[in-house]
Amino acid sequence: MELIYIGIFLFAVAFAVVAIFASVALKRAANTMETLGETLSDVEKKMNHITPELQKMLEETGRTADDINDKVAAADGVFDSLNHMGTSISACNQMLHSKTTKLPAFMSPRFMDRLTDTLKWGEVANQVYRKWKKDGLKENVNPSTSKKITRDEG
């Protein structure tokens, strides 16, 4: 029977040790929960302060995005014009390329000599025409009246 008393005593001691450890653990958990409650209370206060500022910032961001969207839409015409200009330049480039492939035939020395002679004779003809026109006007002016005489007046 004494063994039963010793067993009950050991069981009571073990229960007391478990109860002490449980109470210490529960006390620490209570302290942690209290600290967590205070932290969450501070977070709630800060969130209450930050939330209106975030709403203002989101509204401003929305206005900025709308403004950017309007400006990009306004610039679409410019980009379309640039696209059309690029297409036109590309077409001109292709046309010039097709025409310049024929250019070496026109750059031959014989062609250049003909071109130079044509320009010289054209300039001579232009000077003769100007001189003839200037001299023709002087002959058609009546010195006594200083007016131009037409061919009908004789």
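What you are looking at is a predicted structure, and each value in this text was computed from that prediction instead of being measured.

**Points about the pattern of salt bridges**
Counted according to the given criterion, the structure contains three salt bridges. Between Asp67 and Lys71 there is a salt bridge, with the nearest N and O atoms lying 3.2 Å from each other. Taken together, the positions of Asp67 and Lys71, both in helix 1 (residues 2-100) and four residues apart, correspond to about one turn of that helix. The partly exposed category is assigned to Asp67, whose relative accessible area is 36%. Residue Asp135 pairs with Lys131 through a salt bridge whose shortest N-O separation is 3.9 Å. With Asp135 and Lys131 both in helix 3 (residues 109-139) and four residues apart, this pair spans about one turn of that helix. Overall, the relative accessible area of 30% leaves Asp135 in the partly exposed class.

**Notes on the UniProt feature "transmembrane region" (unreviewed entry) in the chain**
The positions that UniProt labels "transmembrane region" (unreviewed entry) are, in the present scheme, residues 6-26. Annotation note: span residues 6-26, helix share 100%, strand share 0%, distance between end C-alpha atoms 30 Å.

**Concerning the packing of aromatic side chains**
In the structure shown here, the tally under the stated rule is one aromatic pair. Arranged with centres 6.1 Å apart and planes meeting at 35°, the rings of Tyr129 and Trp132 form a pair that is tilted. Here the residue Tyr129 and the residue Trp132 both occupy positions in helix 3, the gap between them amounting to three residues, near one helical turn.

**Notes on the confidence of the model for the chain**
Taken as a whole, the chain shows an average pLDDT of 84; of its residues, 84% reach a score of 70 or greater. Taken element by element, the predicted model of the chain shows its lowest mean pLDDT in strand 2 (residues 147-148) (52) and its highest in helix 1 (91).

**Looking at a nonpolar patch on the surface**
The grouping of Met33, Leu36, Leu40, Val43, Met47, Ile50, Leu54 and Met57 at the surface amounts to a nonpolar patch, some 720 Å² of accessible area in total. Residue placement: Leu54 occurs in helix 1.

Reading the values: rules and limits
Residues numbered from 1 in each chain as written. Predicted model: local features only at pLDDT ≥ 70, side-chain atom pairs only at ≥ 80, totals over all residues. Heavy atoms only, no water. Salt bridge = Lys/Arg side-chain N within 4 Å of Asp/Glu carboxyl O. Helix = DSSP H or I, 4+ residues; strand = E, 2+ residues; numbered from the N terminus. Buried < 20%, exposed > 50% of the residue type's maximum accessible area, 1.4 Å probe, protein only. UniProt positions renumbered as here; feature names shortened; annotations may be inferred. Phe/Tyr/Trp six-rings, centres within 6.5 Å; stacked < 30°, edge-to-face > 60°. pLDDT = per-residue confidence, 0-100. Patch = residues over 30% accessible without salt bridge, like charges linked within 9 Å, V, L, I, M, F, W, Y side chains within 5 Å. Areas by Shrake-Rupley, 256 points an atom, 1.4 Å probe, with all protein chains shown as cover.

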